[in-house]
Amino acid sequence: MIGSVALRSGSSGNCTLIRNGETRIIVDCGINGKTFTGALALAGESPLDIDGILITHEHSDHVSGLGVILRKYKIPFYITEKTLELIFDHIGKFDPDLLNIIKPEEEFSIKDQLVRSFKVPHDAAETLAYRFVTPRGDITVCTDIGSVDQVILDQIIGSRLIILESNYDWQLLKNGPYPRILKDRISNGHGHLSNDQCGETLCHLVEKGTEQIVLAHLSKENNHPSIAELTTVQSLDNIGAIQDKDYVLQVAKRYSNSDWMQI
Ligand SMILES: [Zn+2]
Ligand SMILES: [Zn+2]
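The model shown is predicted, which means the values in this text are computed figures rather than measured ones. (Residues numbered from 1 in each chain as written. Chains lettered and ligands numbered in written order. Predicted model: local features only at pLDDT ≥ 70, side-chain atom pairs only at ≥ 80, totals over all residues. Heavy atoms only, no water.)

(A) Focus on the sheet that holds strand β8 (residues 113-120). As summarised here, the arrangement of the seven strands in space is β7-β8-β9-β10-β11-β12-β13, forming an open sheet in which the pairing is mixed. Each end of this open sheet is capped by a strand with a single partner; those strands are β7 (107-110) and β13 (248-251). The sheet shows a mean angle of 20° between the axes of neighbouring strands, taken without regard to direction. When strand β12 (residues 212-216) meets β13, the two strands line up parallel, connected through four bridges. Within β13, the position partnered with leucine 215 by the bridge is valine 251. (Pairing = 2+ DSSP bridges. Helix = DSSP H or I, 4+ residues; strand = E, 2+ residues; numbered from the N terminus. Axes fitted to C-alpha atoms, helices over the stretch in contact; angles between N-to-C directions.)

So, in structure tokens, the structure goes:
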């Protein structure tokens, strides 16, 4: 069984499970221990069987539960030096044997799972996205990404399943309640990916074989699941790709498990 399920997604907490046979990996740990255990149980998994936790960056919606979960379940975690420095004082004590320092753009393996990491533009010290190479095609988790250039496109293209940020609707952000400085921070290329940018990126991906899409990390204030979905479906429609024929799509949920996607 190879696939993924988003356990939580959005600014209130991010956590995604990747499963490849007997290897189980978590990307980000922005939920508390109770939610983590409950979400895994709903997915038919136990925290005791998780082989590794990969951290993308230091923002609290990606790391808030890490310390507690490391202490409770002794799961090895993978993080860059820069990101670790920034969270070190907040996560509390952990067994140093659990720590694995990774470098961006380097490949590493967790049991038989090959993982490729790559840097993405975001307003954090060093934000990573992860691509999981599997015999049935690749799974990529790519959220908190301000823009997608050719270099990033090259890193994600060919993924069979992609979990991609579709953070905000441009009109809702523009007309919404956020102060101008925050609106600029979100949309300046180092913040978050808009629905339009997500749809445009997915056109390149679906043209090159991506079949399964999870729209992730939606803004609560500046987006709505139906708007995010419609934007991407319309973008893909423009290149002749039809939902449920050429690709399947779901929007990751904020407060509950999304559907399991098997490749
Ligand atoms: Zn985030
Ligand atoms: Zn972030």
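(B) Inspection of the coordination of the zinc ion (ligand 2) at higher detail. Of the protein atoms, only His57 (NE2), His59 (ND1), His122 (NE2) and Asp144 (OD) coordinate the zinc ion (ligand 2), at distances of 2.1 to 2.4 Å. Between the zinc ion (ligand 2) and the zinc ion (ligand 1) the interatomic distance comes to 3.5 Å, and aspartate 144 is a ligand of both metals. Of this pair, histidine 57 sits in the loop between β4 (52-54) and α2 (60-63) while histidine 122 is found in the loop between β8 and β9 (127-133), placing the two residues 65 residues apart along the sequence. Judged on exposure class, the residue histidine 57 and its partner histidine 122 are both buried. (Donors = N, O, S within 2.8 Å, 3.2 Å for Na, K, Ca; no water. Buried < 20%, exposed > 50% of the residue type's maximum accessible area, 1.4 Å probe, protein only.)

(C) Expanded view of the packing of aromatic side chains. Inspection of the entire model under this criterion finds five aromatic pairs. Ring plane angle 45° and centroid distance 6.5 Å describe the contact between phenylalanine 36 and tyrosine 73, whose orientation is recorded as tilted. Residue phenylalanine 36 is located in helix α1 (residues 33-42), and its partner tyrosine 73 is located in helix α3 (residues 66-73); the two are separated by 37 residues in the primary sequence. This pair shows no difference in class: phenylalanine 36 is buried, exactly as tyrosine 73 is. Taken together, the ring pairs in this structure connect Phe77, Phe88 and Phe94 into an aromatic cluster. (Phe/Tyr/Trp six-rings, centres within 6.5 Å; stacked < 30°, edge-to-face > 60°.)

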